[in-house]
Amino acid sequence: MTLSLLALVAALPAVLAYDNGLARTPQMGWNTWNHFGCGISEDTILSAAKALISNNLTSYGYEYVIVDDCWQAPARDPDTGAPVPDPEKFPNGIKDVADQVHGMGLKFGIYSSAGTYTCGGRFGSLDHEEIDAQTYASWGVDYLKYDNCYNEGRAGTPMISYERYANMSRALNATGRPILYSMCNWGEDGPWNFAVDIANSWRISGDIHDDFDRYDDRCPCTSILDCKLPGFHCAMSRIIDFAAPVGQKAGPGKWNDLDMLEVGNGGMNFDEYVTHFSMWALVKSPLILGNDITNMSNDTLTIITNDALIAVNQDPNGSPANRIWKRTLPEGGDLQLWQGSLVNNQFVFALMNTSPNPQTVNVSFTDVFVDQGASYQSATFTLYDLWQKDPSSGAWGLNLGEFSGGVPNVQIGTHQTKVWKAVPASNSKRRDRAEL
């Protein structure tokens, strides 16, 4: 940050999006865009809300029902300038839908863009922040996803982007209604530096594509740091690479958003979706479902209801996992080791294989606990495999026993990720199994 930008941050009101009491753990819910795009209606929204309940997803923490782009009428109200919903898609208005969602015990979210138009070509909120925020609050909105299309060139430095997004942050706070503020500026100008005091989360890259590792020129950057064209059609494993250096910037109330989940949309296989869900959980990305939750396979439901991984994502310590190492393999792809800290002196670590072949790996505690030092590297841990179930209880997190020095001869399949929870052996015997 420049000194002048720091001065701007210091001058903002005390009640900021970061301090609005929301997203103390990463937000969880469902969004229309990945599966439905612009093909939405009030029936789409209400059916999804009902499906959250009928599939018992609310018990796992999924609580936001978010309407993405294309809910808008062709133009604003000609007299007041207020936003107006499409009368064919939402004949009873947005407030009626929000009221019904609230009546189910859920929370309601909406979308706009910090530009003259949204990405779908509807009216945006640039220079209309106050009236839009007031209208959203009057409708009972609990969540705003705020995009970056048609921004009139008001980008290119952190200060310029900061001010454009801070305008909506101020407007939301001025309504007096707690509204989670989810910035979607694709990592442009480094929001992990400038957005921590104005938003609850920020996207770090171009839009995800439902693919494991396919390269696409429309997502051209090899690193998100100093990326000049975030683009879109970003393969899932590339976004994981983008996330690696910026985890240090996230924490309670301020999260790196790796984009909405593609689990269940059909572009990846079971193991690839397990990797997708696992890594989003470990790096503390918001877990926003993007599939058709009214019509899910058992495999999809199994993945998105792994409460052991959800507990890692929602751990109150709020510490994203860090990548310890990445080792390129001669046949293509790589192996990656990630580790994160949890509450109560517990840890999570994961081994990811992006290569086209199965691998055998010795995972060393010298690597896993490099940040914790020699006493942890030489300690004994009880390990729990978070993608295996305990046969007696049926709970995720099979007790593998005690390990010292590391985990030898790990067999990991193509595009698989294995995730372990590590509990110091000295206190694992008195540990409550419910903490898994």
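Residues numbered from 1 in each chain as written. Predicted model: local features only at pLDDT ≥ 70, side-chain atom pairs only at ≥ 80, totals over all residues. Heavy atoms only, no water.

K.L.:
A description of helix α8 (residues 236-243) should follow, citing residues and the corresponding values.
P.N.:
In terms of burial, α8 is a largely internal element, seven of the eight residues being buried. Where α8 is concerned, the buried positions are M236, S237, R238, I239, I240, F242 and A243. Elements that come into contact with the buried residues of α8 comprise β7 (208-209), β8 (234-235), α9 (270-282), β12 (334-342) and β13 (346-353). (Buried < 20%, exposed > 50% of the residue type's maximum accessible area, 1.4 Å probe, protein only. Helix = DSSP H or I, 4+ residues; strand = E, 2+ residues; numbered from the N terminus. Contact = heavy atoms within 4.5 Å.)

K.L.:
So, the sheet that holds strand β10 (residues 287-289): which residues are in play, and what are the values?
P.N.:
Taken in spatial order, the eight strands of this open sheet run β9-β6-β5-β4-β3-β2-β1-β10, and their pairing is parallel. Each edge of the open sheet is held by one strand with a lone partner, namely β9 (255-257) and β10. Pairs of neighbouring strands in the sheet enclose a mean axial angle of 25 degrees, with direction left out of account. In terms of strand pairing, strand β4 (residues 143-147) meets strand β5 (residues 180-183) through four bridges, oriented parallel. Among the inter-strand pairings, Y146 is bridged to a residue of β5, identified as M183. Packed onto the sheet, helix α3 (residues 42-54) meets β1 (28-31), β2 (64-66) and β3 (107-113) and runs at close to 160 degrees relative to β2. (Pairing = 2+ DSSP bridges. Axes fitted to C-alpha atoms, helices over the stretch in contact; angles between N-to-C directions.)

K.L.:
An account of the pairing of strand β11 (residues 322-328) is requested, with residue identities and associated values reported.
P.N.:
Here β11 runs beside β12; their pairing, made up of six bridges, is antiparallel. In the sheet register, N322 faces β12, and the bridge partner there is Q339. Hairpin connection between β11 and β12: a loop of five residues separates the two successive antiparallel strands, and G332 in this loop has a positive phi of roughly 105 degrees.

K.L.:
Lay out the state of the cysteines in plain terms, naming residues and giving numbers.
P.N.:
The tally for this structure, following the rule as stated, stands at four disulfides. The residue that forms a disulfide with C119 is C149, at a sulfur-sulfur distance of 2.0 Å. Residues C119 and C149 are joined by a disulfide whose S-S torsion is about 95 degrees; by sign, that bridge is right-handed. Taken together, the positions of C119 in the loop between β3 and α5 (129-139) and C149 in the loop between β4 and α6 (158-174) put the pair 30 residues apart, joining distant regions of the chain. Overall, the relative accessible area of 36% leaves C119 in the partly exposed class. Judged by relative accessible area, C149 falls into the buried class, the value being 15%. (Disulfide = S-S within 2.5 Å.)

K.L.:
Which residues make up the packing of α3 against helix α4 (residues 93-103), and what values do they have?
P.N.:
Where α3 contacts α4, the axes come no closer than 10 Å and their chain directions differ by 10 degrees. By the angle between their directions, the pair α3 and α4 is classed as roughly parallel. Packed against α3, whose contacting residues are E42, I45, L46 and A49, the element α4 presents V97, Q100 and V101 at the interface. Across the contact of α3 with α4, the residue classes break down as five nonpolar, one polar and one charged. (Parallel < 35°, antiparallel > 145°, perpendicular 65-115°, else oblique. Nonpolar A, V, L, I, M, F, W, Y, C, P; charged D, E, K, R; others polar.)

K.L.:
Give a detailed account of the packing of aromatic side chains, specifying residues and quantitative values.
P.N.:
Describing an aromatic ring pair means giving the distance of the ring centres and the angle of the ring planes. Under the definition given, this model contains 19 aromatic pairs. Members of the aromatic cluster, each reached through a chain of ring pairs, are F347, F349, F365, F369, Y376, F381 and W420. Above the face of the W396 ring, K389 is positioned so that its terminal group lies 4.8 Å from the ring centre. (Phe/Tyr/Trp six-rings, centres within 6.5 Å; stacked < 30°, edge-to-face > 60°. Lys NZ or Arg CZ within 6 Å of the ring centre and 35° of its normal.)

K.L.:
Can you tell me about the nonpolar core, naming the residues and giving the values?
P.N.:
If you look at the biggest cluster of nonpolar residues, it comprises 96 residues, and the most contacted ones within it are Y62, W71, F277 and W280. Element by element, the count of residues in this core is highest for α9, at seven residues. With sequence-adjacent residues up to four places away left out, F277 is seen in contact with Y62, L261, V263, L287, I303, I304, N306, L309, I310 and W387. With 20 residues, the next largest nonpolar core counts L329, L335, V368 and F369 among its residues. (Core = buried A, V, L, I, M, F, W, Y, C linked by side-chain atoms within 4.5 Å.)

K.L.:
I'd like a description of the pattern of salt bridges, backed by residues and values.
P.N.:
A side chain with one charge may pair with a side chain of the opposite charge, provided their charged atoms come close. Here the structure, examined in full by the defined rule, presents 16 salt bridges. Taking the shortest distance from any N to any O, the salt bridge between D142 and R177 comes out at 2.7 Å. Placement of D142 in the loop between α5 and β4 and of R177 in the loop between α6 and β5 is noted, with a sequence separation of 35 residues between them. Residues R214 and D216 are paired through a salt bridge, measuring 2.8 Å at the closest nitrogen-oxygen approach. Assessed through its relative accessible area of 5%, D216 is described here as buried. Bridged by salt links that share partners, the residues D241, R323, K326 and D334 form one connected network. (Salt bridge = Lys/Arg side-chain N within 4 Å of Asp/Glu carboxyl O.)

K.L.:
Describe the sheet that holds strand β15 (residues 380-389), listing the residues and the values that go with them.
P.N.:
Taken in spatial order, the six strands make up an open sheet running β11-β12-β13-β18-β15-β16, and their pairing is antiparallel. Lying at the two open borders of the sheet, with one neighbouring strand each, are β11 and β16 (396-404). Here the strands of the sheet are splayed against their neighbours by 20 degrees on average, with no regard to which way each runs. Two strands pair when backbone bridges link them, and β15 and strand β18 (residues 417-424) are joined in this way by five bridges, in the antiparallel orientation. Residue pairing across strands places F381 opposite P424, the latter belonging to β18. Against the sheet, α8 makes contact with β11, β12 and β13, and its axis sits at roughly 55 degrees relative to β12, the strand it touches most. Contacts from α9 reach β12, β13, β15 and β18, with the element oriented near 40 degrees to β18.

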